[in-house]
Amino acid sequence: AQSVTQLGSHVSVSEGALVLLRCNYSSSVPPYLFWYVQYPNQGLQLLLKYTSAATLVKGINGFEAEFKKSETSFHLTKPSAHMSDAAEYFCAVIPVNFGNEKLTFGTGTRLTIIP
Amino acid sequence: NAGVTQTPKFRVLKTGQSMTLLCAQDMNHEYMYWYRQDPGMGLRLIHYSVGEGTTAKGEVPDGYNVSRLKKQNFLLGLESAAPSQTSVYFCASSFGGGTTGELFFGEGSRLTVL
């Protein structure tokens, strides 16, 4: 089954520092990939998605992710962390050749921003 | 602009009791989903629906039933609650499937089974 692996369940960065959250997918055929963010006591909201167009995808709040087929990766980055970025981030995948109903999530990475 | 609304937001049950979680969306979305979120396990799909009157099993359907009698509502039922069903439940909806559009989530329903 198609899946994603998020390396690091907790990541801490200083305010103003680079944010890097890692996601690798398991598939010989590049799937559709997504990053969602969950702020405390809220539901998830879409940050960005990759659907086989540009490999560098820009999302909301200054985040972006680069699809690298050779590394089967879709890491999320932001050049300068802000206190409001503290949240849990989920990578998710849908296989291209299956019905598009089943979005499968990774286990999540909790991002803490150090003042 | 309500989006996706879940009720109740909190509930405590005793083992063996039954309950229903209600999800309502006002965006005229075809697809609706129920996920559960547990620490260290991310979100796992319980059941989903691709339209009024249809339902399908997800990754962890055992112990749950669903119904989609009206397009805007998706109900999740627990017939005989077990402690293993203690979790935070999220409903989501989308216009198409995940590849065509984003999923819109409710704020979650926290269920504790004693």
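Anything mentioned here points back to the structure above.
Reading the values: the criteria
Residues numbered from 1 in each chain as written. Chains lettered and ligands numbered in written order. Predicted model: local features only at pLDDT ≥ 70, side-chain atom pairs only at ≥ 80, totals over all residues. Heavy atoms only, no water. Disulfide = S-S within 2.5 Å. Helix = DSSP H or I, 4+ residues; strand = E, 2+ residues; numbered from the N terminus. Buried < 20%, exposed > 50% of the residue type's maximum accessible area, 1.4 Å probe, protein only. Contact = heavy atoms within 4.5 Å. Buried area = accessible area lost by both parts, 1.4 Å probe. Salt bridge = Lys/Arg side-chain N within 4 Å of Asp/Glu carboxyl O. Polar contact = N/O pair within 3.5 Å; in protein donor to acceptor, adjacent residues only side chain to side chain. Pairing = 2+ DSSP bridges. Axes fitted to C-alpha atoms, helices over the stretch in contact; angles between N-to-C directions. Core = buried A, V, L, I, M, F, W, Y, C linked by side-chain atoms within 4.5 Å.

S.K.: Is there a simple way to think about the state of the cysteines in this case?
M.R.: By definition, a disulfide links two cysteine residues through a covalent bond between their sulfur atoms. Residue and element names in this part refer to chain B. Here the structure, examined in full by the defined rule, presents 2 disulfides over all chains. Shown here is the disulfide that connects Cys 23 with Cys 91, its sulfur atoms set 1.9 Å apart. Note on the Cys 23 and Cys 91 pair: the S-S dihedral is about -75 degrees, so by sign convention the disulfide is left-handed. Taken as a pair, Cys 23 in strand β3 (residues 19–25) and Cys 91 in strand β9 (residues 87–94) lie far apart in primary sequence, 68 residues in all. Residue classification places Cys 23 among the buried positions, given a relative accessible area of 0%. For Cys 91, a relative accessible area of 0% gives the class buried.

S.K.: Whenever I open this one, the environment of Ala2(B) confuses me. Can you help?
M.R.: In this structure, Ala2(B) sits in the segment before β1 (4–7). For Ala2(B), a relative accessible area of 53% translates into the label exposed.

S.K.: Is there a simple way to explain the interface of chain A and chain B in this structure?
M.R.: In this complex, chain A contributes 21 residues to the contact, which on the side of chain B involves 23 residues. Interface area for chain A against chain B, summed over the two sides, is near 1,700 Å², with a carbon-plus-sulfur share of 58%. One can count 0 salt bridges joining chain A with chain B. Counting every contact that joins chain A to chain B gives 3 residue pairs in polar contact (both at pLDDT 80 or more). Elements that contribute at least two residues to the side of chain A that touches chain B include exactly β4 (32–38), β5 (44–50) and β9 (87–94) of chain A.

S.K.: Quick question: what am I supposed to make of the sheet that holds strand β7 (residues 65–67) of chain B here?
M.R.: Sheets are built from strands that pair by backbone hydrogen bonding, the pairs being arranged parallel or antiparallel. Residues and elements named next belong to chain B. Across the sheet, 4 strands lie side by side as β1-β3-β8-β7; this open sheet has antiparallel pairing. The sheet is open, and its two borders are formed by β1 and β7, each paired with just one other strand. Ignoring which end each strand starts from, the neighbouring axes of this sheet average 20 degrees apart.

S.K.: I would appreciate a short explanation of the pattern of salt bridges in the present structure.
M.R.: Note that side chains of opposite charge can pair when their charged atoms are close. Residues and elements named next belong to chain B. Counted under the stated rule, the structure contains 6 salt bridges over all chains. Across the pair Glu 30 and Lys 71 runs a salt bridge whose closest N-O atoms are separated by 2.9 Å. Placement of the pair is Glu 30 in the loop between β3 and β4 (31–38) and Lys 71 in the loop between β7 and β8 (73–78), with a sequence separation of 41 residues. With a relative accessible area of 30%, Glu 30 lands in the partly exposed category.

S.K.: So what exactly am I meant to see when it comes to the pairing of β4(B) here?
M.R.: Walk down a regular strand and you will see the side chains alternate between the two sheet faces. Residue and element names in this part refer to chain B. Within β4, 8 of the 8 residues are buried, which leaves it mostly tucked inside the rest of the structure. Of the two faces of β4, both are covered, the one formed by Tyr 31, Tyr 33, Tyr 35 and Gln 37 as well as the one formed by Met 32, Trp 34, Arg 36 and Asp 38. Two strands pair when backbone bridges link them, and β4 and β9 are joined in this way by 7 bridges, in the antiparallel orientation. Residue pairing in the sheet places Gln 37 in a bridge with Val 88 of β9. With 7 bridges connecting them, β4 and strand β5 (residues 42–49) associate as antiparallel partners. Directly across from Gln 37, in β5, lies its bridge partner Leu 43. The antiparallel hairpin formed by β4 and β5 contains 3 residues in its connecting segment, where Gly 40 sits at a positive phi of about 75 degrees.

S.K.: What should I look at first to understand the nonpolar core in this one?
M.R.: Most often, soluble globular proteins have nonpolar side chains that are buried together. Membership of the largest hydrophobic core comes to 27 residues, with the highest contact counts inside it found for Trp35(A), Phe74(A), Leu76(A) and Tyr89(A). Broken down by secondary-structure element, the contributors of at least two residues to this core are β2 (10–14), β3 (19–26), β4, β5, β7 (64–68), β8 (73–78), β9 and β11 (109–114) of chain A. Discounting residues that sit within four places of it in the chain, Tyr89(A) has contacts with Gln6(A), Leu21(A), Trp35(A), Tyr36(A), Val37(A), Leu47(A), Phe63(A), Leu76(A), Gly108(A), Thr109(A) and Leu111(A). Judged by nonpolar contacts, the second largest core, of 21 residues, contains Tyr32(A), Phe105(A), Leu45(B) and Leu103(B).

It is worth stressing that arrangement in space is one thing and function is another; only the former is reported here.
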